[in-house]
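# Coordinate analysis (summary)
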Amino acid sequence: MPLTLLPGPLLGERTTLRLGGRAQAEIIAESGKDLDGLPKILEKLGARPLVLGRGSNILARDGDLPVALLRPPKGRPPRVVLERKGVVRVRAGAGLSLQRLLGRLRTWGLSGLEGLTGIPGSVGGAVAMNAGAYACETGQVLARVLVYGPKTGIAWLERDDVRVGYRFFAPKREEEYFMVLAAEFDLKKHAPDWVKNRMAEVYAKKKKTQPLRAASAGCVFKNPEAGPPAGKLLEEAGFKAKRLGAMAFSGVHANFLVNLGGGKSAEAFELIEAAGEKVASLFGQKLELEVRVCP
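Residues numbered from 1 in each chain as written. Predicted model: local features only at pLDDT ≥ 70, side-chain atom pairs only at ≥ 80, totals over all residues. Heavy atoms only, no water.

## With respect to the sheet that holds strand β3 (residues 48-51)
Put simply, the rule reads: The pairing criterion is simple: DSSP has to find at least two bridges between the two strands. In this text, helices come from DSSP runs of H or I with a minimum length of four residues, and strands from runs of E with a minimum of two, each type numbered from the N-terminal end. Lines fitted to C-alpha atoms define the axes here, with helix axes fitted over just the stretch in contact, and angles between the N-to-C directions of these axes take values from 0 to 180 degrees. Residue contacts are counted whenever heavy atoms from the two residues lie within 4.5 Å of one another.
Spatially, β1-β2-β5-β3 is the arrangement adopted by the four strands of the open sheet, whose pairing is mixed. Bordering the open sheet on either side are β1 (4-7) and β3, each of which pairs with just one other strand. Neighbour-to-neighbour, the strand axes of this sheet turn through a mean angle of 25°, independent of strand direction. As defined by bridge partners, β1 adjoins strand β2 (residues 22-28) across four bridges and the pair is classed as antiparallel. Residue pairing across strands places T4 opposite I28, the latter belonging to β2. Against the sheet, helix α1 (residues 38-45) makes contact with β1, β2, β3 and β5 (64-71), and its axis sits at roughly 165° relative to β2, the strand it touches most.

## Here we look at helix α7 (residues 265-283)
Inclusion rule: One fewer than the residue count of a helix, multiplied by 1.5 Å, yields its expected span. Note on exposure labels: buried denotes an accessible area under 20% of the residue type's maximum, exposed denotes more than 50%, and partly exposed covers the range between, all computed with a 1.4 Å probe on protein chains only. By arc we mean the arc of the directions from the helix axis to the C-beta atoms, nothing more.
Here α7 is 19 residues long and its end C-alpha atoms lie 27 Å apart, about the 27 Å a rise of 1.5 Å per residue gives. Here α7 has its buried residues at S265, A268, F269, L271, I272, A275, G276 and V279. For α7, the angular spread of buried residues about the axis comes to 165°, placing them on one side. Within α7, the exposed residues directed more than 90 degrees away from the buried face are A266, E273, E277 and S281. Downstream of α7 by one or two residues, G284 has phi in the positive range, about 65°.

## Some words on the nonpolar core
Our working definition: Grouping buried Ala, Val, Leu, Ile, Met, Phe, Trp, Tyr and Cys residues that are joined through side-chain atoms within 4.5 Å yields what is termed a nonpolar core.
Counting residues in each nonpolar core, the largest one holds 29 residues, and the members touching the most others are L101, L113, V145 and F185. If you list the elements that add at least two residues to this core, you get β7 (87-93), α2 (98-108), α3 (123-129), β11 (142-149), β15 (179-189) and α5 (192-209). Not counting chain neighbours up to four residues away, the residues in contact with F185 comprise V88, R89, V90, L101, L113, V123, V127, T138, V141, L142 and A143. Judged by nonpolar contacts, the second largest core, of 23 residues, contains L17, L19, F269 and V279.

## Notes on the packing of α2 against α5
The condition that has to hold: If an angle is under 35 degrees, it is roughly parallel; if it is over 145, roughly antiparallel; if it lies from 65 to 115, roughly perpendicular; otherwise it is oblique. Throughout, the ten residues Ala, Val, Leu, Ile, Met, Phe, Trp, Tyr, Cys and Pro are labelled nonpolar, Asp, Glu, Lys and Arg are labelled charged, and all others, Gly among them, are labelled polar.
Where α2 meets α5, the closest approach of the two axes is 6 Å, and the angle between their N-to-C directions is 140°. The pairing of α2 with α5 is recorded here as oblique in orientation. Between α2 and α5, the residues in contact are L102, L105, R106 and T107 and P192, V195, K196 and M199, respectively. Split into classes, the residues belonging to the contact of α2 with α5 amount to five nonpolar, one polar and two charged.

## Quick word on the environment of K222
Tracing the sequence through the fold places K222 in the loop between β16 (215-219) and α6 (230-236). Sequence separation of K222 and R167 is 55 residues, and the distance between their C-alpha atoms is 7.9 Å. For K222, the contacting residues outside a window of four places in its chain are Y166, R167, A230, L287, E288, L289 and E290.

Printed below as a string of structure tokens:
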């Protein structure tokens, strides 16, 4: 099937922070084979590609944006593709909801991704950000990943073919941009009740310490390599519950930026800049953004 092209999508309707102006187009692929025509479409549009799953880590600017949103194919539901020596390999499509995957793993009694409980993203987004929490990272159990790139097309990349770090993932092969299409994870067998209880424990901890129900893009800044985490630095700098217009750092967790309703991107960027400058001034620590800025 040909790629579906939707004109003028609003980022504010496609991101969990509910911010952002209008992109040039949204390009939707029904399958990986459809992506052959993607470079020509982007060239014709004159737009930069932005791969967008559920938009849970995007901070988009207001106004007309020179980007085209790329939606990965939904793919097939999660399924077991290999089992040996107590390790079960599960394949999931990039467009699949992360929580739907975790629900299936809970039923199957498979452990390794419990720390992702409560994250409102997609499987592809979790891989592309190496999402994680509570000593759990996606890259720790990633076995291989199906990736599209405009130069080399579609290929399965083994774990040694990609670079993974703290909130970082990229193929070692050079590409102008890439799109995760599917991923396989090596998981360990446990009793389903054990996995269920572990996920419930993680969710309960996050509910107490994070604004899970707020319009948010998750953590704004990465934690420094050494010293206090970003949330602690921001709190000590006086930014917990700090508000500018309808944007604010959460009163539950100082590293979560939330949209209180009708917030503007300009307010978000001004608040973030002020927070970074204050932390640098007080503690000599330059904080690096974790949220991805568009464009």
